[in-house]
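Descriptive structure summary
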2 protein chains.
Amino acid sequence: MMGDSLLVDLTVLFIGAKLGAALFARLGQPEVIGELLAGVILGPHVIGAVGELEETLHVFQELGAVILLFVVGLDTPLSDLKAVGGRSLAVGISGVAVPFALGAGLMLLLGRSGTQSVFIGTAMVATSVGITARVLADLGEIRSPQARIILGAAVIDDILGLLVLAVVAASVAGSVSAGSIIVLAILAITFVALVGGLGPKLIDRLTPYLDRLGNQGVLIVSLALCLGLASLAEALRLAAIIGAFLAGMALAETRDRYQLEEHLAPVYSFLVPFFFAITGAVLDPSVLADPEIALLATVVTVVAVAGKLIGCGVPVLSMGRRSAQIVGVGMVPRGEVGILVATVGLAQGIIGNELYAVVVTMSIATTIVVPPVLARLYEGRARHLDRPRGRDIEGI
Amino acid sequence: MMGDSLLVDLTVLFIGAKLGAALFARLGQPEVIGELLAGVILGPHVIGAVGELEETLHVFQELGAVILLFVVGLDTPLSDLKAVGGRSLAVGISGVAVPFALGAGLMLLLGRSGTQSVFIGTAMVATSVGITARVLADLGEIRSPQARIILGAAVIDDILGLLVLAVVAASVAGSVSAGSIIVLAILAITFVALVGGLGPKLIDRLTPYLDRLGNQGVLIVSLALCLGLASLAEALRLAAIIGAFLAGMALAETRDRYQLEEHLAPVYSFLVPFFFAITGAVLDPSVLADPEIALLATVVTVVAVAGKLIGCGVPVLSMGRRSAQIVGVGMVPRGEVGILVATVGLAQGIIGNELYAVVVTMSIATTIVVPPVLARLYEGRARHLDRPRGRDIEGI
């Protein structure tokens, strides 16, 4: 069965990640950062409570990522996308194009290879909207126009970001001739369009059959669909997580009917921490002690922030400066999506330990910085607008 | 990240196991048998849809077993054990001793080594009461005196069986001097007694803190406890599943308070099929084509049935012949527990492929045979006793 240490490794990572999450939750910080830092500390590069990262641990890392992206997909109904209208579309597209161009351009300027530059650009693209959504919900602003624009644009970011990742990952995995890149891009787009476009309709047609299975039965079918599309994506040389995301998206419209998220929560709670903890354990923080790498991480982080502030803020300037700031800041966190891209890049040998550390640092920094800034922006706005409302409530 | 084929292997095994379970459920047979046979068919020895069984797949097998035994432990509250009284105790102890003696004696007679003989005896001990409980529930007889004796005795069987397994596994893993076996036996008994005896009390004391965590928080703590005690058991050279079982038993009294079983169901549903499917995939059915092995499997199965019929039936003969038959037959299934013992034995090199196939065959055969026989026994009884009751209900 299992090697002596492996069950112990999994146990140490699970308990460490959960303690880290609890600590960060108490500090008012995102739990994923706590799970990630627990992995960094427990990993072989720091205290070494978890030994060398065997192949097997990486399977748990990937399975955690698959479940994570499946749930992200579940939160991405296509109908929401249609409903958000032009502003979100503009913010989303511009919020992909500007950071990608800035990130890739910066790396090219610094003399990195074309592939690496495109990859860093890709890591800059996706928004981890979970953190922002959580902050907005805590502030009671989740139904504000700015929040709706952010959530809609983040969906577009996720889809475009994963599409870019699919093409980049596929072109690296295969031969790198221009012709084959085009073929793979078409393959990736077709896969995303087919599953993303037809999936929800197909699931809708199957509703009478699914109803008969009951909630537990639908959960099993959903997990089978998630694993099946993840495997299919891998077979097509796309990343497995893209298949998982599309499986989630296909089920997003029927999510509530079968309480899919509630039933998935325990699986998520058990497996996803392995993704963050093992991702953290892979990180060698001593790399950042090199002044050159530390400087690069800082510059990349600044460019990542600027890319979203400009790319997402400018299209909504007509709504006023503060709204533009809120939307821009709300789109800054890269969180788990940036880390996912880094993990794929490291696994495929596109980036080394140093750029991996740079991307993970950027993902953590952009995520940690947002909650307090966003809260302050709303606080400022509240001083202008919300005092009368506050008084009304007191008067009741 | 994951090797190309590994995610595909997991997907094939998951979907195959679930289809097998659905098919067997429709046939009125235990779902675990369907999952197991799906693994046999998909495995490298038959159609080879799953390639060579890499180390990583065995991790999923062990994790599935850990979750399985954790849930079995959750269903084993010590208070039930205290409540069932002398009859269950007699049935349980005699139901361990007789099959163990018959199984080990048979193997010694056939010229097998002492270790192998003790191991086959151990595989004969534990009752997989899940199947019986399901049949009794379907018959509406789960609250009958016979059912209560069976459930109580099965708890005793599980504890004694795992204790025997712990001692056997530990003595094989370590050196095999008589002195060290005694030391390890004391260690195993102390571990079981400490965790099993003090665990529930400790959990009870922690209730105010657990209440504050909420159901999801308690689920995480429970999974941490399960992994932690499984790791500890492994570190003590006992089997990991014993730690998982004891963790479940420690939580059994507070199970309902936090809806632990409902929240664990999705994790169980996702991970436990890997245990059965991979266990099936390890089995080489062609081994059974050898007439000598097939004969051995038949004899072992007959002895396994006889051991429980005699060991569990005789102590309740005073309740009448039919009751003795019901209790004896109800205790016959070995199911997942027998298979678990076989898996441990194969992993530790105590038994080879042939004895593994024999034990798995015995486990499947004893499990498949019980539901129809038990139903017929109750049908016979119903003709004598239940007709008036049936008429009463019609008369309402």
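None of the values given here were measured: they were computed from a predicted structure.

1. A few points about the overall build of chain A
- Scanning chain A for helices and strands turns up 17 helices and zero strands.
- Buried residues in chain A amount to 56% of all 396 residues.
- Within chain A, residue pairs in contact and separated by at least 24 positions form 78% of the contacts whose partners lie at least 6 positions apart.

2. Re the interface of chain A and chain B
- Listed as interface residues are 37 residues of chain A and, on the opposing side, 37 residues of chain B.
- Contributions of two or more residues to the side of chain A that touches chain B are made by α1 (4-26), α3 (55-74), α10 (207-235), α12 (260-282) and α15 (335-347) of chain A.
- A per-element tally of the side of chain A that touches chain B places α10 of chain A first, with 10 residues.
- Across the side of chain A that touches chain B, the residue classes tally to 22 nonpolar, 10 polar and five charged.

3. Quick look at helix α11 (residues 240-251) of chain A
- The end-to-end C-alpha separation of α11 of chain A is 17 Å, in line with the 16 Å expected for 12 residues at 1.5 Å each.
- Of all 12 residues in α11 of chain A, 12 are buried, a share of seventy percent or more.

4. Looking at the nonpolar core
- Among the nonpolar cores identified, the biggest contains 294 residues, and V66 and A244 of chain A together with V66 and A244 of chain B are the most heavily contacted of them.
- Beyond its immediate sequence surroundings of up to four residues, V66 of chain A is in contact with C226, A230, A240, I241 and A244 of chain A.

5. A closer look at helix α12 (residues 260-282) of chain B
Residues and elements named next belong to chain B.
- Over its 23 residues, α12 runs 32 Å from end to end, which matches the ideal 33 Å to within 8%, given 1.5 Å per residue.
- Of all bends in α12, the biggest is about 40°, found at Y268.
- For α12, the tally of buried residues reaches 19 of 23 residues, placing the bulk of the element in the interior.

6. Description of the relation of the copies chain A and chain B
- Of the transformation placing chain A onto chain B, the axial shift is 0.0 Å and the rotation is 180°, giving an RMSD of 0.1 Å. One copy is carried onto the other by what is essentially a two-fold rotation axis.
- Both copies share a contact surface, since 100% of the interface residues of chain A are interface residues in chain B too.

7. Let's talk about the environment of P273 of chain B
Residues and elements named next belong to chain B.
- Within the secondary structure layout, P273 lies in helix α12.
- We classify P273 as buried; it has 28 C-beta atoms within 10 Å.
- C-alpha separation for the pair P273 and E31, spaced 242 residues apart in sequence, amounts to 9.9 Å.
- Setting aside residues no more than four positions away along its own chain, P273 makes contact with F14, A17, K18 and E35.

8. Considerations on unusual backbone geometry
- A positive phi angle is found at Q259 of chain A, which is not glycine, with a value near 45°.
- Looking at the element boundaries, Q259 of chain A is found in the loop between α11 and α12.

9. Structural notes on the confidence of the model for chain A
All names here are of chain A.
- Averaged over all residues, the pLDDT of chain A is 82; the fraction at 70 or higher stands at 89%.
- Within chain A, the lowest mean pLDDT, 34, falls on helix α17 (residues 387-395), and the highest, 94, falls on helix α13 (residues 291-313).
- Below pLDDT 50 for its whole length, residues 383-396 participates in zero contacts with residues either more than four positions away or in separate chains.
- ipTM for the predicted complex: 0.78, alongside a pTM of 0.80.

10. Quick notes on the packing of helix α10 (residues 207-235) of chain B against helix α11 (residues 240-251) of chain B
Residues and elements named next belong to chain B.
- Packing of α10 against α11 leaves a shortest axis separation of 7 Å and a crossing angle of 140°. When the axes of α10 and α11 are compared, the pair comes out oblique. With respect to the hand of their crossing, α10 and α11 are arranged in right-handed fashion. Facing S222, L225, C226, L229, A230, L232, A233 and E234 of α10, the residues of α11 in contact are A240, I242, G243, A244, L246, A247 and L251.
- Partitioned by chemical class, the residues of the contact of α10 with α11 number 12 nonpolar, two polar and one charged.

11. Description of the packing of α10 of chain A against α12 of chain A
Residues and elements named next belong to chain A.
- Running from N to C, α10 and α12 point in directions that differ by 65°, and their axes come no closer than 10 Å. With respect to the hand of their crossing, α10 and α12 are arranged in right-handed fashion. Contacts between α10 and α12 involve N215, V218, L219 and S222 from the former and L260, H263 and L264 from the latter.
- Classifying every residue of the contact of α10 with α12 gives four nonpolar, three polar and no charged.

12. Brief notes about the environment of I182 of chain B
All names here are of chain B.
- With respect to the helices, strands and loops of the structure, I182 is situated in helix α9 (residues 178-205).
- Judged by the 12 C-beta atoms lying within 10 Å of it, I182 is exposed.
- Taking the C-alpha atoms as reference points, I182 and I351, separated by 169 residues in sequence, lie 22 Å from one another.

13. Observations concerning the environment of D284 of chain B
Residues and elements named next belong to chain B.
- Note on placement: D284 falls in the loop between α12 and α13 (291-313).
- Classification of D284 by C-beta neighbours within 10 Å gives partly exposed; the count is 17.
- With 37 residues separating them in the primary sequence, D284 and A247 have C-alpha atoms 33 Å apart.
- Sequence-distant contacts of D284, that is, excluding residues within four places in its chain, are made with H45, N353 and A357.

Here is what the cut-offs are and how they apply
Residues numbered from 1 in each chain as written. Chains lettered and ligands numbered in written order. Predicted model: local features only at pLDDT ≥ 70, side-chain atom pairs only at ≥ 80, totals over all residues. Helix = DSSP H or I, 4+ residues; strand = E, 2+ residues; numbered from the N terminus. Buried ≥ 20, exposed ≤ 12 C-beta atoms within 10 Å, placed from the backbone. Contact = placed C-beta atoms within 7 Å. Nonpolar A, V, L, I, M, F, W, Y, C, P; charged D, E, K, R; others polar. Expected span 1.5 Å × (residues − 1). Core = buried A, V, L, I, M, F, W, Y, C linked by C-beta atoms within 7 Å. Bend = angle between axes of the 7 residues up to and from the residue. Least-squares fit on C-alpha atoms with pLDDT ≥ 70 in both. pLDDT = per-residue confidence, 0-100. Axes fitted to C-alpha atoms, helices over the stretch in contact; angles between N-to-C directions. Parallel < 35°, antiparallel > 145°, perpendicular 65-115°, else oblique. Left-handed = near helix turned anticlockwise from the far one by under 90°.

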